[in-house]
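Results of the structural survey
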Amino acid sequence: MVRNEIKSLIEQAIKQLQKQKKLAKFDIPEILVEHPENRAYGDYSTNIALQIAKTIKKNPKEIAEAIKSKIQNPNYSKSNPKSKIQILEKIEIAGPGFINFFVSKEFLQKQIADVLRQGDKFGSSKTGKGKTVVIDYSSPNIAKAFGIGHLRSTIIGQSLYNIYKFLGWKTIGDNHLGDWGTQFGKLIYQIKEKKVFLKDLTIEKLEKLYIEFHREAEKNPEMEKQARAWFQKLEARDKEAKKIWQDCRAISLKEFQKIYNLLGIKIDYTIGESFYKDMAKDIIAEAIEKKVAIQSQGAIIIKYKKDKFPPVIILKSDKATTYLARDLAAVKYRISRWHPNLFIYEVGADQYLFLRQLFLAVEFLGWEKKEKFIHVVHGLVRRKQGKFSTRKGETIHLEDVLKEAVKRAREIIEKSETSKGFSKKEKEKIAKMVGIGAIKYNDLSQHYSKDIIFNWEKVLNLKGNSGPYLQYTITRCQSVIKKSKVQPRSLQKADFELFDFKKEEENILKTIYKFPEIVQESADKFSPNLLCNFAFDLAQKYNHFYNICPIIQAESIKEKEFRLALTAATSQVLKNCLNLLGISAPEKM
Ligand code: ARG
């Protein structure tokens, strides 16, 4: 990654200057190296001299000049050790003391060869080597429909998983299924009371039973008592209670699996809350012993004095464990099993406070620093007309939304010119990739914290910032290469020595080399939307180039090969992006 190289060159230069007493001693601040908006200011720019000037009260321009004089032009030799090239073309000082770096044309061109040689590994790195991340995502609740919030968690969580893996982390995906809690006492009560046959149960039916319970219990408080008794039986491993619970779980998992299949998602582990029910009791004992938890009105609670959070119950007065107690047990289990360096929770904003309480409790217990715990707080999904969430009684069937996406994609494909001659099976496969890809991209392309406005036209817009637009651009690249009859492998040499790039070509080159940086940044900021921005930008630049510059009909063979290599590299980088987003790229569409 060039940015890191430039950072370390600046750092070395400063250290040298300090050693030679040309600069006073000070602690080097964080060196920020940005891509300036205006190309006239180079490809990278830093304000480090201005920062230092403030500390040591010296003219920033002089500092900038001194740093510049010490910077060695680094070599770039990854693609071919024999032909070393210099990464930087020039360094300039501008304004009050900015240092601007211009990358060389040779370097830009060598990147293309690198992309083609590294293929689907281009952009990956080993920055995560030796580190482990646990990603808690999807996590629907059994006996309830898979909500639109769970869909967001699934899509974003999976993308983060892919990104961290690409950076060399050991990644553990854990679907923290909501399969335990007092609500199951209510369900069992209903099933018994209403004499529901287990074989007739569906998620909708279960949801209805749950809603009815609350309606009826308002008038009949006795029901709450009985439900609690059923949950106690369940916790005490009563055979009948357990059988009903198991059936509810199995029915739900089967439904969820349909959605995961449609999405093409497989999560490493589905451990679920029920797994932690006994461990939770030990954790509660540990919390009492460490004086993290105290008795309060018959319950056990954790209090947060300094931090202004309300207290949370970990053991209810009827001795039932709580959601937080089971989450604590899950943390302890994850620590002992995987020793993670990072814990990511992809969960909606409604659990913001809850997760703060959890992370702080972990710190109180002395297990881990809370800084290792990240809550990726996703926003809501809304419809143009209003909310798109599960309200009382008004359930949205996610499976229907996904199927609708495939149906709409199918209609687009039926109408398209390029899909003429495709077999029915082929069309079906493409419709699925396009429809599901569109839903995923719609979600991922906006910052996770933002609410999404769901709009079918936008989701499937072939001309705008959408999944299908990117997929279409890839197939366009593929078809150019196919038409050229040039072997893609032969483009890997990419020794074109053609340096007066056209503006449209340079725009592509100056995007592609940033890909590894973007991957790293999207991991650091837990933001797959940065990859989407990047991919959309690259696709637009390519399509512009495609409209202006003849490729197969280029003026010289050299130029033709160069443009084909650009095409192949664009296609590869876009594919790598989509891979990280969990979106498939069809060969044609
Ligand atoms: N099952 C929960 C819900 O749907 C989400 C679980 C999130 N993960 C966790 N470790 N608490 O609200």
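Summarised in this report is the structure supplied together with it.

Criteria and cut-off values
Residues numbered from 1 in each chain as written. Predicted model: local features only at pLDDT ≥ 70, side-chain atom pairs only at ≥ 80, totals over all residues. Heavy atoms only, no water. Core = buried A, V, L, I, M, F, W, Y, C linked by side-chain atoms within 4.5 Å. Buried < 20%, exposed > 50% of the residue type's maximum accessible area, 1.4 Å probe, protein only. Helix = DSSP H or I, 4+ residues; strand = E, 2+ residues; numbered from the N terminus. Contact = heavy atoms within 4.5 Å. Phe/Tyr/Trp six-rings, centres within 6.5 Å; stacked < 30°, edge-to-face > 60°. Lys NZ or Arg CZ within 6 Å of the ring centre and 35° of its normal. Near = heavy atom within 4 Å. Polar contact = N/O pair within 3.5 Å; in protein donor to acceptor, adjacent residues only side chain to side chain. Areas by Shrake-Rupley, 256 points an atom, 1.4 Å probe, with all protein chains shown as cover. Nonpolar A, V, L, I, M, F, W, Y, C, P; charged D, E, K, R; others polar. Arc of directions from axis to C-beta. Salt bridge = Lys/Arg side-chain N within 4 Å of Asp/Glu carboxyl O.

Side note on the nonpolar core
With 157 residues, the main nonpolar core has Ile10, Ile67, Ile344 and Phe515 as its most contacted residues. When residues in this core are grouped by element, the largest group, 12 residues, is from helix H20 (residues 557-581). Those residues in contact with Ile10 that lie beyond four places of it in its chain are Ile31, Val33, Thr46, Ile48, Ile67, Ile71 and Phe101. Counting 38 residues, the second largest nonpolar core, distinct from the first, contains Tyr276, Leu315, Val331 and Trp367.

Points about helix H18 (residues 515-524)
Because each turn of an α-helix spans 3.6 residues, side chains separated by three or four positions end up pointing in the same direction. Burial of H18 is extensive: eight of the 10 residues sit out of reach of the surface. Among all positions in H18, only Phe515, Pro516, Glu517, Ile518, Val519, Gln520, Ser522 and Ala523 are buried. Where the residues of H18 are buried, they touch helix H1 (2-19), strand E2 (44-46), helix H5 (148-166), helix H17 (503-512), helix H19 (529-548) and H20. A positive phi of about 55° marks Phe526, the residue just after H18.

Thoughts on the packing of aromatic side chains
For any pair of aromatic rings, the description consists of the separation of the ring centres together with the inter-plane angle of the planes. Counted under the stated rule, the structure contains 28 aromatic pairs. A ring pair is formed by Phe107 and Tyr513, whose centres lie 6.0 Å apart and whose planes are at 80°; its orientation type is edge-to-face. In this pair, Phe107 sits in helix H4 (residues 105-118) while Tyr513 sits in the loop between H17 and H18, placing the two residues 406 residues apart along the sequence. Of the two residues, Phe107 and Tyr513, both sit in the buried class. An aromatic cluster is defined as three or more aromatic residues linked by ring pairs; in this entry it consists of Tyr269, Phe275, Tyr276, Tyr333 and Trp338. Above the face of the Phe102 ring, Lys90 is positioned so that its terminal group lies 4.5 Å from the ring centre. We note Lys277 situated over the ring of Trp180; from NZ or CZ to the ring centre the distance is 4.8 Å.

Details of the site of the ligand
Neighbouring the ligand are Asp136, Ser139, Asn141, His150, His176, Tyr323, Asp327, Tyr345, Val347 and Gln351. Side-chain polar atom of Gln351 to an oxygen atom of the ligand: 2.6 Å apart, as the coordinates give it. Surface burial for the ligand is 90%, taken as the share of its 350 Å² of free accessible area covered by protein chains. Contributing elements (two or more residues each) for the shell around the ligand: helix H11 (323-338) and strand E12 (342-348). Each residue belonging to the shell around the ligand can be placed in one class, and the counts come to three nonpolar, five polar and two charged.

Overview of the side chain of Arg326
Its location among the elements puts Arg326 in helix H11. Since its relative accessible area comes to 3%, Arg326 is described here as buried. What Arg326 contacts, discounting residues up to four positions off in sequence, is Trp180, Gly181, Glu273, Tyr276, Ala280 and Thr321.

Re helix H3 (residues 60-70)
Listed as buried for H3 are Pro60, Ile63, Ala64, Ile67 and Lys70. Down the axis of H3, the smallest arc covering the buried residues is 130°, so these residues share one side. Taking the backbone nitrogen of Lys61 as reference, a side-chain oxygen 2.9 Å away marks Asn59 as the first, capping residue of H3.

Looking at the pattern of salt bridges
A side chain of one charge can pair with a side chain of the opposite charge if their charged atoms are brought near each other. This structure, assessed with the given rule, holds 34 salt bridges. Taking the shortest distance from any N to any O, the salt bridge between Lys510 and Glu506 comes out at 3.6 Å. Taken as a pair, Lys510 and Glu506 lie in helix H17 at a separation of four residues, close to a single helical turn. Several salt bridges converge on common partners, so that one network encompasses Lys502, Glu505, Glu559 and Arg563.

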